[in-house]
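# Structural description and commentary
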Number of protein chains: 2
Amino acid sequence: MSDAKRPRLGDPQEDVCQLAHRLLSQEGVRKLLCPELVEDVLACSVARGVVMYPEPEKKREARAVPVTLTPCPLPASSFRAAEELAADFHSLMDKVCCDLAWLREALAKTAAMDLICRKLLEVCDQAYNSETGKEPSGDIRLHIMRNDFMFDLQRDPDLAMVQIELNMMAASFSTHCQDLTEAQRYALTKFLGILEPKLGYARVAAALEAAMPRSPAAEKIAEAMALAHEAYDARWQKIGLARAVLFVSTEDEKNELDHRKLELAFARKGLLCLRRSLPGLAGSALRPLAPAEGRRTSVKKPMALIVEGNYEVAVAYFRSGYWPNHFTDGAWEARTMIERSEAVKCPSAPAQLAGMKKVQQLLCLPAELRRFSGEAAATAVAKTFGRQFDPSEEAAKEAVEAAKAEPGRWVLKPQVEGSGELFFDEDIPRILNSRSKDELAEFILMERVRPPTTPSAVLDAAGSAVVRDAVAELGIFGTFVADGDRVLCNEARL
Amino acid sequence: MSDAKRPRLGDPQEDVCQLAHRLLSQEGVRKLLCPELVEDVLACSVARGVVMYPEPEKKREARAVPVTLTPCPLPASSFRAAEELAADFHSLMDKVCCDLAWLREALAKTAAMDLICRKLLEVCDQAYNSETGKEPSGDIRLHIMRNDFMFDLQRDPDLAMVQIELNMMAASFSTHCQDLTEAQRYALTKFLGILEPKLGYARVAAALEAAMPRSPAAEKIAEAMALAHEAYDARWQKIGLARAVLFVSTEDEKNELDHRKLELAFARKGLLCLRRSLPGLAGSALRPLAPAEGRRTSVKKPMALIVEGNYEVAVAYFRSGYWPNHFTDGAWEARTMIERSEAVKCPSAPAQLAGMKKVQQLLCLPAELRRFSGEAAATAVAKTFGRQFDPSEEAAKEAVEAAKAEPGRWVLKPQVEGSGELFFDEDIPRILNSRSKDELAEFILMERVRPPTTPSAVLDAAGSAVVRDAVAELGIFGTFVADGDRVLCNEARL
């Protein structure tokens, strides 16, 4: 106890390295992987709600989320570097969201190929125009993001961290990461303490406390949500209904329990939450809003979003709406109505568009990046950019030829969010050769990252624990809130 | 938000009464019981780990614990009264534990009929004797208890709260109660806010915050556990092994996830925990201990309990060992070894014996109660005693005849903990008539409590939400730690 807090021997930093070393060797992980560790990690993470609904209509039956039983060590400097870059990345993305004219032009060809991109641009046209007087830059903006990085062995060590994508939409697993970290830290402390008798339990505990800090991601997200809600409350007069956070989800969401833990974190901030699907919101309505005393607005007919006559939506938080089958009957009408309303959208249609891979590719071009970023920030974030190309463009000709010749060095990514469907190897020349130039606007061609592999203990299909080589991806959760040009919060925490 | 914290209108106490009134009527609960409330309570409680293992060997598959979807309101004064009595109850039970001679005599007849009682007395004989020099009063004692009460409509209002039993052993569901309260409070706030438009969401939220306070039970239990561990550390010199809390459980424990949440609360206090079954501890060993510098002991050969050669047990926490089938091969030998060791036992064999129903019945006799309790404390706790009798005794003759004549006014309880098997109505005369006097020592005959029923929303076997009349039992978790005659903690929190 007191020992765990104040190790009297050795340098904690050295202890951390010694423990990380064990987790980086196949043999080290295999030695750790006793049945008791497997049970401890599984049962403790289930107890912390790291579960999903295998059949979403059965709300009583939960199953453990497939997780790694042991963490993949990464240098602490990478975490810090990613955290330090976060504020610049967030400001950049916020500036992109606010430049609708640029987004329209940037995404014109993508829209022709990608339904969601096209429809979101239509939503923008209807919400932000001279008739409504609405502009993204004048709105309250809430971004809840996860910036994903990998490490490339082929690059200069200074440039080894490569941004894979910045999720503006439905960045998930924040609560599960938090809870799994607690379960893993606990189990590792127990078993590394035995395997490293020279360190002993107390020093192992102290080292792991330092190396696996408690993640405040859910609390930070709740704080940002509460800030956005307060900004809405300060802007608009009450109309006599309860104000709520609207979770937009699908009916058959397996990951509902990650949402629910966030919902409870929001409730602890005093926020009222609703869960509705996009089609379930078709019956919602708009009702005129008046600015709060002493506040003015350039919006011509500000509207509140009213759900079922009972709730005024202060923040619409989309955990659905990035995949074509999320948009069944009436869903696009509902999406448009939400955008038209003064409810804070997370993400707004412009923010969701800003998260598209085509935008990421364009921001790799220095001139485009500098449009939205100061020089220092542009230099800092650009260091993490991989080489990427729009295969529908003339400028990508050389890269397209290179990818056909050596497909193993490339990856072809469709625009659609969360598809998980990336194309590698022989699929790349097949697609590049069989599609027209315009059709290729559906994809981004990215130089493949060659990350180091780390041994990682996982359960196989039969439920047996095995050690596999895994690739670590570092996801940094971040939050940003602005009220017009006033930034209220811009934070990154794991 | 700020509204929720500072309601500007109305008296929160009145608001609480208004809400409680709704929860006390069948119609009120039925109105509340929309599918959305059912989903919110289920999903939020599953997300908080209010789950069990339907098949304990499958550590990935969890199922919601069967819970009431709506709480049963009880007067706040009852909660306070039960909390105020707690310290006296705890001291009383601790004094009983320390008087082994009295326990031996009190339980002599019960032991003849009840295997666990008999074996625990044997464990006491082997651990506490002149050869070991051990006495319960000299030990570090940790009690984690749950004192259960019901409310009797037939009694004088001042005496309406009747103690049902004080669980000294494996008091469970502390974490689930905590997490379910959070899920219920959240859902009630949402839906009572709609049903009570005059109060509105903010006042409903404030009233429910006051009426359903956050329970710190798991944290309080972890604090007591850490205190007991520290007392052990202060008493005994280290022998070079990691010191641990031993959770004694069964292999097929469905309620493992309640244990696991406590385990994580212990881990947050820097404690190392092991889970083992009693038969799994058969290979454990004792190793000599020496008092820490400046400490003396009257124990003749103090022994550390060593598990698998790797761990020295500082506290053995029994969540198993109260039911005959917990004691398979080697289990009693292991139980005896644990008692013989200097590990803090929760409960110790004397504490487990003190929790037997026969002891509760004897403490209803004023002379016996005063043996362990000062006058004021005895008067206070005795107010909550129901009338109970040992049907094997001559003194119970009148009560036995009354129970045969009017069985509906009585209940017959076996000694065994957690059996759940109580006998009512026609079973009572059948048993009383068919068993010999000695055989009846297996039971306690208690006057039946007639509690008010409260409408309560539950799921039926098919998973549909229904409103049923339920009976509320109030369980008050409490902790007590003493080092010899020095009391380190004596607390009650829901």
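What this report covers is the structure whose coordinates are included nearby. On a predicted model such as this, the values are computed, not experimentally measured, just so you know. The residue count restarts for each chain, going from 1 along the sequence in the order it is written. Chains carry letters and ligands carry numbers; both start at the beginning, A for chains and 1 for ligands, and go up in the order they are written. Residues qualify for local features only when their pLDDT is at least 70, as the model is predicted, and side-chain atom pairs are given and counted only at 80 or more; totals for whole chains, interfaces and linings, by contrast, use all residues. The side-chain numbers reported here are obtained from all heavy atoms of the structure, hydrogens and water having been left aside.

The next point concerns the overall build of chain A. Comment: elements are numbered from the N terminus, with helices defined as DSSP H or I runs of at least four residues and strands as E runs of at least two. The helix and strand tally for chain A stands at 19 helices and 17 strands. For chain A, the spread of C-alpha atoms along the principal axes amounts to about 70 × 55 × 45 Å. Any residue under 20% of the maximum accessible area for its type is buried, any over 50% is exposed, and the rest in between are partly exposed; the area is computed with a 1.4 Å probe on protein chains only. Taken across its 494 residues, chain A has 59% of its residues classed as buried. Of the contacts formed within chain A by residues at least 6 apart in sequence, a portion of 75% connects residues at least 24 apart. Lys and Arg are tallied as positive, Asp and Glu as negative. Neither His nor the chain termini are counted. We put the charge of a Lys on NZ, of an Arg on CZ, of an Asp on CG and of a Glu on CD. For chain A, the distance from the average position of its 64 positive side-chain charges to the average position of its 72 negative side-chain charges is 3 Å. Residue contacts follow a heavy-atom distance rule, with two residues in contact if any of their heavy atoms lie within 4.5 Å.

Looking now at the pattern of salt bridges. Residues and elements named next belong to chain A. We count a salt bridge whenever a side-chain nitrogen from Lys or Arg sits within 4 Å of a carboxyl oxygen from Asp or Glu. For the structure on display, the rule yields 90 salt bridges over all chains. The salt bridge involving Arg 203 is made with Asp 15; its shortest N-O contact spans 2.9 Å. With Arg 203 in helix α10 (residues 200-211) and Asp 15 in helix α2 (residues 12-23), this pair connects stretches of sequence that are 188 residues apart. Overall, the relative accessible area of 4% leaves Asp 15 in the buried class. Between Arg 243 and Glu 312 there is a salt bridge, with the nearest N and O atoms lying 3.1 Å from each other. Placement of the pair is Arg 243 in strand β5 (residues 242-248) and Glu 312 in strand β9 (residues 311-318), with a sequence separation of 69 residues. With respect to burial, Arg 243 and Glu 312 carry one shared label: buried.

Residue and element names in this part refer to chain A. Strands are labelled as partners when DSSP assigns at least two bridges between them. Spatial strand order, β4-β3-β16-β17: four strands in an open sheet with antiparallel pairing. Because the sheet does not close on itself, it has two edges, and the strands there are β4 (161-167) and β17 (486-493). Between one strand axis and the next, the sheet turns by 20° as a mean value, whatever way the strands run. To get an axis, fit a line to the C-alpha atoms, keeping to the stretch in contact for a helix; angles then go from 0 to 180 degrees between the N-to-C directions.

If you look at the biggest cluster of nonpolar residues, it comprises 72 residues, and the most contacted ones within it are A:Val46, A:Leu257, B:Val46 and B:Leu257. Among residues more than four places away in sequence, those in contact with B:Val46 are A:Gly49, A:Val51, A:Tyr53, A:Lys59, A:Ala62, A:Leu257, B:Val51 and B:Ala64. By nonpolar core is meant a set of buried Ala, Val, Leu, Ile, Met, Phe, Trp, Tyr and Cys residues that side-chain atoms within 4.5 Å join together.

Residues A:Glu39, B:Glu57, B:Glu251 and B:Asp252 make up a contiguous surface patch of negative charge. Along the chain, A:Glu39 turns up in helix α4 (residues 35-47). According to the relative accessible area criterion, A:Glu39 is partly exposed, its value standing at 37%. Like charges are joined within 9 Å and nonpolar side chains (Val, Leu, Ile, Met, Phe, Trp, Tyr) within 5 Å, but only among residues with over 30% relative accessible area and no salt bridge; these make up the patches. We get accessible surface area from the Shrake-Rupley algorithm with a probe of 1.4 Å; when it comes to residues, only the shown protein chains can shield them.

A rotation about an axis combined with a shift along that same axis relates the two copies of the chain. Superposing copies: least-squares fit, C-alpha atoms only, residues required to have pLDDT of at least 70 in both. Of the two same-sequence chains, chain B is brought onto chain A (RMSD 0.0 Å, axial shift 0.0 Å) by a rotation of 180°. The two molecules are tied by a two-fold rotation axis, judged by turn and shift. Take the interface residues of chain B: 100% of them recur as interface residues in chain A, which is what a same-surface contact looks like.

What follows concerns the interface of chain B and chain A. Each partner contributes residues to the interface: chain B has 54 residues there, and chain A has 54 residues. Accessible area, probed at 1.4 Å, shrinks when two parts are joined; the buried area is that loss added up over both. Approximately 4,600 Å² of surface area, both sides summed, lies buried where chain B meets chain A, with 57% of it carried by carbon and sulfur atoms. On inspection of chain B and its partner chain A, the count reaches eight salt bridges. The residue B:Arg268 makes a salt bridge to A:Glu182 at a minimum N-O spacing of 2.4 Å. In protein, a polar contact requires one atom able to donate a hydrogen and another able to accept it; more generally it is a pair of N or O atoms within 3.5 Å, and residues adjacent in sequence count only if both atoms are side-chain atoms. Here chain B and chain A share 21 residue pairs in polar contact (both at pLDDT 80 or more) between them. Where the side of chain B that touches chain A is concerned, the elements lending two or more residues are α4 (35-47), β2 (61-64), α9 (174-195), α11 (217-235), α12 (256-268) and β6 (273-276) of chain B. Judged from the three bridges that link them, strand β2 (residues 61-64) of chain A and β2(B) form a sheet pairing that is antiparallel. Within the sheet, the bridge partner assigned to A:Glu61 lies in β2(B) and is B:Arg63.

Further remarks concern unusual backbone geometry. All names here are of chain A. Across the junction of Cys 346 and Pro 347, the peptide omega takes the value 0°, indicating a cis bond. When you line up the elements, Pro 347 lands in the loop between β10 (344-346) and α14 (349-354). Of note in this structure, Asp 425 is not a glycine but carries a positive phi near 50°. Along the polypeptide, Asp 425 turns up in the loop between β12 (410-414) and α19 (427-434). Its relative accessible area of 33% is what places Asp 425 among the partly exposed residues.

The subject of this paragraph is the packing of helix α5 (residues 76-98) of chain A against helix α17 (residues 375-382) of chain A. Residues and elements named next belong to chain A. The interhelical angle for the contact between α5 and α17, taken along N-to-C directions, is 110°, at an axis separation of 10 Å. Taken together, α5 and α17 sit at an angle that is classed as roughly perpendicular. Contacts from Leu 85, Asp 88, Phe 89 and Leu 92 of α5 reach α17 at Ala 377, Ala 380 and Val 381. For this classification, under 35 degrees means roughly parallel, over 145 means roughly antiparallel, 65 to 115 means roughly perpendicular, and everything else is oblique.

With that out of the way, let us pick up the environment of A:Asp179. Residue and element names in this part refer to chain A. Relative to the helices and strands, Asp 179 resides in helix α9 (residues 174-195). On the basis of relative accessible area, Asp 179 is assigned to the buried category, the value being 7%. Between the C-alpha atoms of Asp 179 and Ser 45, which are 134 residues apart in sequence, the distance is 6.4 Å. Asp 179 has contacts with Arg 48, Val 50 and Lys 261, leaving out every residue within four places of it along the chain.

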